Amino acid sequence: MEVEEVKHLENEKYMWDGAIYDTEEEAENKKAEYQEKDFQVQLFEQEGKYLLYTRRVVTEIVLEGEAPP
C-alpha cells in the first residue's frame, strides 16, 4: 500500500504518523492519545486499513543558550 506522508486539508498541512492500523478501534484509540496531547487529527481509511494524519500548532518556542552578538 502506498501512503501519502503529507495531506493538505482546508489549507492546513497534516503529517502521517507512520503507522498503519488494522482496525478502526485501534486507530480511534491512538487518535484519542494524540488529541490529549493537543494534536489535531484526521482519520482515513485506505484499502481496508486506517491511517492517522496529525498536526499541532506551535504556540511556544523555547531557546536555550546565549543569544548571538
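So, a few notes on the structure that sits alongside this text.

The rules we used
- Residues numbered from 1 in each chain as written.
- Predicted model: local features only at pLDDT ≥ 70, side-chain atom pairs only at ≥ 80, totals over all residues.
- Heavy atoms only, no water.
- Helix = DSSP H or I, 4+ residues; strand = E, 2+ residues; numbered from the N terminus.
- Rg over C-alpha atoms; globule rule 2.2 N^0.38 Å.
- Patch = residues over 30% accessible without salt bridge, like charges linked within 9 Å, V, L, I, M, F, W, Y side chains within 5 Å.
- Areas by Shrake-Rupley, 256 points an atom, 1.4 Å probe, with all protein chains shown as cover.
- Salt bridge = Lys/Arg side-chain N within 4 Å of Asp/Glu carboxyl O.
- Buried < 20%, exposed > 50% of the residue type's maximum accessible area, 1.4 Å probe, protein only.
- Core = buried A, V, L, I, M, F, W, Y, C linked by side-chain atoms within 4.5 Å.
- Contact = heavy atoms within 4.5 Å.

### Examining the overall build of the protein
Then, in step 1: Along the backbone of the protein there are one helix and four strands.
Then, in step 2: Secondary structure of the protein in N-to-C order comes out as β-β-α-β-β.
Then, in step 3: What you see for the protein is a C-alpha radius of gyration of 16 Å, clearly larger than the 11 Å of a compact globule of 69 residues, by over 25%.
Then, in step 4: The dimensions of the protein, computed from C-alpha atoms along their principal axes, are 55 × 25 × 20 Å.

### Describing a nonpolar patch on the surface
Then, in step 1: The grouping of V58, I61 and L63 at the surface amounts to a nonpolar patch, some 400 Å² of accessible area in total.
Then, in step 2: Exposure remark for L63: the relative accessible area of 73% places this residue in the exposed category.

### Describing the nonpolar core
Then, in step 1: The biggest cluster of nonpolar side chains holds six residues, and these are Y21, A27, Y34, V41, Y50 and L52.
Then, in step 2: Of all elements in the fold, only helix 1 (24-36) and strand 4 (49-55) reach the threshold of two or more residues within this core.
Then, in step 3: If sequence neighbours within four positions are ignored, Y21 has contacts with E26, A27, K30, K49, Y50 and L52.

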